[in-house]
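The chain contents come next:
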Amino acid sequence: MKITTLPGAEGIKQAYEESLTAEKLDIVCLSENYVSVVGDFFDKEYAPKLYGQVSTREILPDTTGNRSDAGKKDQKMNQVRFIKAHPSESDYILYDNKAVLISYDRDQPGAVVIEDKDLVSNLKSQFEALWKTLE
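Residues numbered from 1 in each chain as written. Predicted model: local features only at pLDDT ≥ 70, side-chain atom pairs only at ≥ 80, totals over all residues. Heavy atoms only, no water.

1. Here's the deal with the packing of aromatic side chains
Scanning the entire structure with this criterion turns up 8 aromatic pairs. For the ring pair Tyr16 and Tyr46, a centre distance of 5.0 Å and an interplane angle of 80° mean the geometry is edge-to-face. Residue Tyr16 is found in helix H1 (residues 8–19), and its partner Tyr46 is found in helix H3 (residues 41–50); the two are separated by 30 residues along the sequence. Taking relative accessible area as the criterion, Tyr16 reaches 3% and is therefore assigned buried. By relative accessible area, Tyr46 is classed as buried at 3%. Pairing Phe41 with Tyr46 gives two aromatic rings, centres 6.1 Å apart and planes at 25°, and the pair type is stacked. The two residues Phe41 and Tyr46 agree in class, both being buried. Ring pairing ties together the aromatic residues Tyr16, Tyr34, Phe41, Phe42, Tyr46 and Tyr104, which thus form one cluster. (Phe/Tyr/Trp six-rings, centres within 6.5 Å; stacked < 30°, edge-to-face > 60°. Helix = DSSP H or I, 4+ residues; strand = E, 2+ residues; numbered from the N terminus. Buried < 20%, exposed > 50% of the residue type's maximum accessible area, 1.4 Å probe, protein only.)

Here it is as structure tokens:
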């Protein structure tokens, strides 16, 4: 098992940039206030490189804004499902043999990248089970 800690907003950005090397991503994004940590990084830098380039399945909080944004995505390549959840200023991404855990805690933001085939396989199975229960 390899664990890499990427502290701060720059660490979060680095973790997301590295995810662009994947063919497909499974994402759970429960953060609603990430802008306070990474600014417009997602809209200006990450999203243009991600959508239409990398196949994604995203689980997002069920909000009007998220539903509106999802309608603008290529529904075959960038699928979205919604969950009724309390906001948690955190995300996670699964791809290849990596699990990326992201915290948008204003005092100590950062990302942790875990590379472990069995652990990621377990998390992918859990994601798959959750995905199947959502609309």
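Moving on from the model shown.
2. Observations concerning the pattern of salt bridges
The final tally for this structure, using the stated rule, is 9 salt bridges. We note a salt bridge from Glu10 to Lys13, for which the minimum N-O separation is 3.4 Å. Residue Glu10 and its partner Lys13 are both found in helix H1; the two are separated by 3 residues, about one turn of the helix. The network of salt bridges with common partners includes Asp26, Arg57 and Glu128. (Salt bridge = Lys/Arg side-chain N within 4 Å of Asp/Glu carboxyl O.)

3. Some remarks on the pairing of strand E6 (residues 98–103)
Pairing geometry for strand E5 (residues 90–95) and E6, over 6 bridges, is antiparallel. Bridge assignment links Leu94 to a residue of E6, and that residue is Ala99. With 6 bridges joining them, E6 and strand E7 (residues 110–115) adopt antiparallel strand pairing. Paired with Leu101 across the strands is Val112, a residue of E7. Between the end of E6 and the start of E7, which pair antiparallel, lie 6 residues. (Pairing = 2+ DSSP bridges.)

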